[in-house]
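# Observations on the model geometry
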Amino acid sequence: MTELQEHAVHTERAGHASPERIIQLGLAFWGSKTLLSAVELGVFAQLSQGQRDGEELAATLGLHPRSWRDFFDALVALGMLERENGTYRNTPETDLFLDPAKPSYIGGILEMANARLYAFWGSLTDGLRTGELQNEARHGGDFFADLHKDPERLKQFLHAMTGLSAGAHAAIAAKFDWGRYRAFTDVGCAEGGLPVTIALAHDHLTGAGFDLPSAQPHFEDYVRSFGLEDRLTFHGGNFFEDELPASDVITMGHILHDWNVDQKRQLLAKVYDTLPDGGALIVFEALIDDDRRENAFGLLMSLNMLIETPGGFDYTGADCQSWMRDAGFRETYVQHLAGPDSMVVGIK
Ligand SMILES: C[S@@+](CC[C@H](N)C(=O)[O-])C[C@H]1O[C@@H](n2cnc3c(N)ncnc32)[C@H](O)[C@@H]1O
């Protein structure tokens, strides 16, 4: 067959195939960066105070006359703003989730994505070739140690965690049988998004947040803003070296994926030793589906761990259950939480 004939057969086989999906995915960063810049510039914060004429909004935000119309209208076309007679307003979703003045704000994760991850993902190919992380720690630093030395960046990161995990936190508070337990500890609690959500939903529980010591003021400020300081306390320490507070439920969200498999097993063994008989461990992440072909967010999160950590990776529910069983947990199950997130529960 000549090259021309081969081409004809190939085209025929492709039938009605369209390059649309490929182009959309390949250039998806256009839309992503447009949203991230809108958060950075305070578009949604400005519009939370009421709808605004485009030119006036552009002047308030300091935008160039060449850029603002395409920028705002692209946000309209992307479903992030609404426009009527030249005035712009937030959509119900962006008003609820991207107004920094509302407790439902989830923009922390987008602020972090814009300030850090967007540039680091630019060297994904290097990471894929070398297996080495591509963030600030690339030249010998330690991600969490460096983060905890920089109060402004730490605050941004801990707050970003609250936004990223908000849906999973609400689902854990609602779906787990908390009535059987009295005290819980959230290990790697960041500013305390999960302890606050659980405590607000279950009056009978007291809780602890465990994290590196420099997270303490951020945790205490956040807990105090909900008036929960009598029921939620902070314990500072290193979870590889220090004892965890005694409690009958231990939660760990987006912790195991930061570490290599030996470190994951080490943490599970420590939690097992800390819990009483009948106590429960709840691990939650953007768990990859067991067949590793459905949860694209979980798989991309694992690539994000390649960018961010020396040995971390995300994993399936089956992987986690087998590590839990090896650690001694007698009963384990996986339950979907919200969006890409699921929990793996182990009962001692
Ligand atoms: C990816 S965040 C997860 C935050 C939160 N659990 C969630 O799901 O949103 C990991 C957390 O673990 C904490 N952490 C990292 N290394 C730690 C260590 N060795 N000991 C205690 N906490 C640690 C970090 O400070 C950070 O708050």
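A short tour of the structure in this document, coming up. (Residues numbered from 1 in each chain as written. Predicted model: local features only at pLDDT ≥ 70, side-chain atom pairs only at ≥ 80, totals over all residues. Heavy atoms only, no water.)

Let us look at the pattern of salt bridges. Counting across every chain of the model gives 16 salt bridges. A salt bridge links aspartate 146 to lysine 149; the shortest N-O distance between them is 3.8 Å. A residue pair is termed a helical-turn pair when its members lie 3 or 4 positions apart in one helix, as aspartate 146 and lysine 149 do in helix H10 (residues 143–149) at three residues. A relative accessible area of 25% places aspartate 146 in the partly exposed class. In this structure, the salt-bridge partner of aspartate 326 is arginine 265, at a minimum N-O distance of 3.0 Å. Here aspartate 326, found in helix H16 (residues 317–327), pairs with arginine 265, found in helix H14 (residues 261–274); they are 61 residues apart in sequence, far enough to count as distant. When its relative accessible area of 56% is taken as the criterion, aspartate 326 is described as exposed. Salt bridges sharing partners connect three or more residues here, namely Arg116, Glu136, Asp150, Arg153 and Glu308. (Salt bridge = Lys/Arg side-chain N within 4 Å of Asp/Glu carboxyl O. Helix = DSSP H or I, 4+ residues; strand = E, 2+ residues; numbered from the N terminus. Buried < 20%, exposed > 50% of the residue type's maximum accessible area, 1.4 Å probe, protein only.)

Approximately 340 Å³ is the volume attributed to the second largest pocket. Lining the second largest pocket are 19 residues; nearest its centre among them are Pro103, Ser104, Thr162, Tyr222 and Phe226. For the lining of the second largest pocket, the secondary structure elements donating two or more residues are helix H11 (151–175) and helix H12 (193–201). With six residues, H11 is the single largest residue contributor to the lining of the second largest pocket. For the lining of the second largest pocket, the class distribution of residues is 11 nonpolar, seven polar and one charged. (1 Å grid on protein atoms, 1.4 Å probe; cavity = no way out; pocket = protein on both sides within 12 Å on 5 of 7 lines; lining within 4 Å. Points joined across faces, edges and corners; volume = space filled by probe spheres on them. Nonpolar A, V, L, I, M, F, W, Y, C, P; charged D, E, K, R; others polar.)

Here strand S7 (residues 249–253) lies mainly inside the structure; five of its five residues are buried. By the alternation rule, side chains of S7 split into Val249, Thr251 and Gly253 and Ile250 and Met252, which are all buried. In the sheet, strand S4 (residues 183–187) pairs with S7 via three bridges, with the strands oriented parallel. Pairing of threonine 185 across the sheet is with isoleucine 250, part of S7. The pairing of S7 with strand S8 (residues 280–285) spans five bridges and is parallel. Along S8, the bridge assignment pairs threonine 251 with isoleucine 282. This β-α-β element, S7 to H14 to S8, shows right-handed connectivity. (Pairing = 2+ DSSP bridges. Right-handed = clockwise from strand over helix to strand, strands pointing away.)

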